[in-house]
Amino acid sequence: MRRLGSVVGAVGLVALPLAPAAHAQQPVTLRVAIIQQVDSLNPFLAAYQASTEVGRLMYDYLTAYDAKDQRPVEGVAKSWEKSADDLTWTFTVPDGKKWSDGQPITAKDVGFTYNLMMTDKDAATANGSFVANFESVTVPDDRTVVIKTKAPQASMLALDIPIVPEHVWKGVGKIADYKNDVTPSVSSGPFVLSEYRANEFIKFKANKEYWRGAPKYDELHFVYYKTVDAAVQALDKGELDLVNRLGPAQFDSLKDKSGVTLNKAQGRRFNELVLNSGAATKTGEPIGDGHPALKDVKVRQAIAKAIDQDAIIERVNGGYAEPGTGPIPPVFPDFHLTPAKPRAFDPAAANTELDQAGYPKGSDGIRVGADGKPLKLRLTGHTSRAYDEQAGEYIKSSLADIGIAVDVQLVADTLLDEQGVAGKFDLIFSGWGTNPDPDFILSLHTCGSRPESATTPGTTDTFFCDKTYDELYAKQGAELDPAKRSELVKQMQQRFYDEVPAIILGHDNALEAFRGDTFQSFSIQPDPGGVIMAQNGVWGYYGAVPVAAAGTASSGPSTWLVVGIVVVVLLVGGGVLLLAKRRGATAGERE
């Protein structure tokens with residue numbers, strides 16, 4: 001795997017003996033900016049990207065994704081095999097792996113986790129789709145897990161479910177009420193939760209029992225910032241070591257900053273504009289207060305035609321994005337959709353279609369439905385995201401051209417989440433990260449992902465419920481032939497594209513920056529062209545190596561480190577450090 005900036009890291013290690021003893025006792029800490037709020041530390045409930053990323057640091061999955069090419073590799077289980085009829089999978093959990101409290105990790109922990117999700121609706125909230133097809137999970141001994149499925153399941157080596165310790169979680173009462181914020185956490189991953197204050201920070205300590213070996217530094221801190229701008233300023237001042245989700249202007253502003261290395265990666269996330277096509281529960285009971293005109297697919301299609309996605313990518317993303325079609329991004333080419341008939345930006349056609357569909361313009365230029373209700377829509381976005389503000393104004397202007405009024409309302413993440421879950425919106429910005437296996441992202445738009453009731457959360461954000469889509473979803477999930485499954489996945493996305501429960505506005509490039517003078521050797525995924533943060537794994541954080549082993553994390557590069565580096569430069573002739581810095585910067589910018 002490629003490690004960004006490894007040459008500078010090597011120089012820093014040479015400087016170590018010059019650090020004073022007092023500094024050597026201070027924990028070496030990687031400080032990371034977090035912008036998005038964490039909805040839950042309970043891995044059975046967590047849905048936000050930030051929450052699932054935190055969960056990955058604490059709990060390994062049954063299998064993991066390789067850093068280089070994202071193929072399935074060892075996680076809790078080291079090996080696996082399936083039966084000839086593709087219905088029974090046997091996983092082997094090797095001896096010797098331990099939880100952070102010293103207890104052995106066994107097959108019983110896997111069986112406990114999966115069976116809990118199969119019998120407790122609350123435990124299935126976040127990742128229930130992965131076990132919906134399970135017939136049984138048994139544990140004949142401490143090393144063996146046997147999973148029988150009702151039908152062949154293509155995602156068996158991509159079960160994105162944190163495996164929890166049975167000896168801790170068997171004592172938990174109601175899963176829906178459990179916050180999982182007790183410290184220290186009992187972890188199988190590379191880090192142990194040590195302190196948490198909502199919307200302030202999340203602190204971890206290195207898990208000394210981690211089976212791959214403990215991280216190369218002592219602590220990992222996620223520090224909250226209300227905006228990316230604030231995080232960028234902190235990085236520039238040396239108060240942070242790593243930040244992601246940079247906007248184009250923020251990314252460009254850091255290009256010539258001393259000590260800062262950039263990473264431009266092909267993203268696996270997408271931005272979407274969700275149209276409330278009829279929020280409802282699993283049983284079809286309407287919830288929320290979406291505008292009734294959005295239930296009409298012709299209105300949704302007209303809105304899609306009125307928005308110039310290429311212009312948004314150019315003006316809002318600064319060119320740092322790829323066009324969106326379906327939920328699967330181009331970084332996963334086997335499943336990415338190229339529509340047979342791409343939807344053209346055509347506001348004139350959108351106006352004509354709305355006229356023909358029975359939405360005439362009133363005297364004020366705003367269209368009116370058959371129920372007499374004007375097409376005035378709310379567009380809800382995040383205050384923390386510059387993208388939402390800029391794209392929101394662009395969409396407002398675009399829809400005005402077809403007689404639809406838009407009121408852009410930017411709110412805090414938690415309020416946006418509450419309104420989204422309750423179906424209390426007309427248009428809303430959302431987005432998801434996509435895994436190498438497409439099953440989960442596709443499952444979000446099945447009828448079964450809608451909430452149980454108006455007061456309980458589901459995993460969907462679109463509330464899409466379509467018989468054709470669901471039938472295709474079931475087929476792709478049982479199709480083990482890669483080529484045939486790829487075709488089914490693309491048909492699903494085409495259906496989503498045509499029905500327009502959401503418009504995939506684009507797949508952002510992941511724009512990241514880190515202090516190359518404090519930490520180096522961040523592993524990217526995939527390699528080349530991949531990300532440090534928001535991976536399908538923990539490689540970015542786990543692989544980081546401090547430039548100095550102590551004394552630099554809390555306040556940026558210390559005087560002693562600077563002195564040490566100067567001495568090293570003198571010893572090797574003065575040219576090595578400059579060359580190392582140049583190589584580190586080049587590697588980052590090339591990504």
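Since this is a predicted model, take the numbers as computed values, not measurements. (Residues numbered from 1 in each chain as written. Predicted model: local features only at pLDDT ≥ 70, side-chain atom pairs only at ≥ 80, totals over all residues. Heavy atoms only, no water.)

Draft legend 1. Just the pattern of salt bridges, in detail. Going through the model one piece at a time under the given rule, you end up with 24 salt bridges. Linking arginine 197 and glutamate 200 is a salt bridge whose minimum nitrogen-to-oxygen distance equals 3.8 Å. Aspartate 388 serves as the salt-bridge partner of arginine 385, at 2.9 Å between the closest nitrogen and oxygen. According to the relative accessible area criterion, arginine 385 is partly exposed, its value standing at 21%. Take aspartate 388: its relative accessible area is 0%, and that puts it in the buried class. (Salt bridge = Lys/Arg side-chain N within 4 Å of Asp/Glu carboxyl O. Buried < 20%, exposed > 50% of the residue type's maximum accessible area, 1.4 Å probe, protein only.)

Draft legend 2. How the structure looks around the layout of surface pockets. In this structure, the second largest pocket encloses a volume near 600 Å³. The residue inventory of the lining of the second largest pocket, partitioned by class, reads 16 nonpolar, four polar and eight charged. (1 Å grid on protein atoms, 1.4 Å probe; cavity = no way out; pocket = protein on both sides within 12 Å on 5 of 7 lines; lining within 4 Å. Points joined across faces, edges and corners; volume = space filled by probe spheres on them. Nonpolar A, V, L, I, M, F, W, Y, C, P; charged D, E, K, R; others polar.)

Draft legend 3. Quick peek at the pairing of strand S2 (residues 29–34). Most of S2 is tucked away: six of the six residues are buried. Side chains of S2 alternate between two faces, with Thr29, Arg31 and Ala33 and Leu30, Val32 and Ile34 buried alike. (Helix = DSSP H or I, 4+ residues; strand = E, 2+ residues; numbered from the N terminus.)

Draft legend 4. Structural view of the confidence of the model for the protein. For the protein, per-residue confidence averages 88 on the pLDDT scale, and residues scoring 70 or more make up 88% of the total. This stretch, residues 5–23, has a pLDDT under 50; its non-local contacts, to residues over four places away or in other chains, come to 37 contacts. Low pLDDT, under 50, characterises residues 550–591; the predicted model gives this stretch 71 contacts beyond four residues in sequence or across chains. (pLDDT = per-residue confidence, 0-100. Contact = heavy atoms within 4.5 Å.)

Draft legend 5. Fine view of the sheet that holds strand S7 (residues 134–141). As summarised here, the arrangement of the four strands in space is S5-S6-S8-S7, forming an open sheet in which the pairing is antiparallel. With partners counted over all chains shown, the strands left at the sheet margins are strand S5 (79–82) and S7, one partner each. Strand-to-strand twist across the sheet, computed as the mean angle between neighbouring axes with direction ignored, equals 15°. One ladder, built from four bridges, connects S5 with strand S6 (residues 88–92); its direction is antiparallel. In the strand pairing of S6, lysine 82 is matched with tryptophan 89. (Pairing = 2+ DSSP bridges. Axes fitted to C-alpha atoms, helices over the stretch in contact; angles between N-to-C directions.)

Draft legend 6. The packing of helix H14 (residues 467–478) against helix H15 (residues 482–499), seen in detail. Here H14 crosses H15 at 160°, and the two axes come no closer than 9 Å. Here H14 is positioned roughly antiparallel relative to H15, judged by the angle of their axes. As H14 packs across H15, the resulting crossing turns out to be left-handed. In this structure, H14 contributes Thr468, Tyr469, Leu472, Tyr473, Lys475 and Gln476 to the contact, and H15 contributes Arg485, Leu488, Val489, Gln491, Met492, Arg495 and Phe496. For the contact of H14 with H15, the residue count by class is seven nonpolar, three polar and three charged. (Parallel < 35°, antiparallel > 145°, perpendicular 65-115°, else oblique. Left-handed = near helix turned anticlockwise from the far one by under 90°.)

Draft legend 7. Looking closely at the sheet that holds strand S15 (residues 321–322). Read from one edge to the other, the open sheet built from six strands follows the order S15-S19-S14-S18-S16-S17, with strand pairing classed as mixed. Looking at which strands have only one partner, the edges of the open sheet turn out to be S15 and strand S17 (405–411). Bridge count between strand S16 (residues 376–382) and strand S18 (residues 427–433): two bridges; the pairing is parallel. Following the sheet pairing, leucine 379 is matched in S18 by leucine 427. Packed on one face of the sheet, helix H12 (residues 413–421) meets S16, S17 and S18 and runs near 135° to S16.

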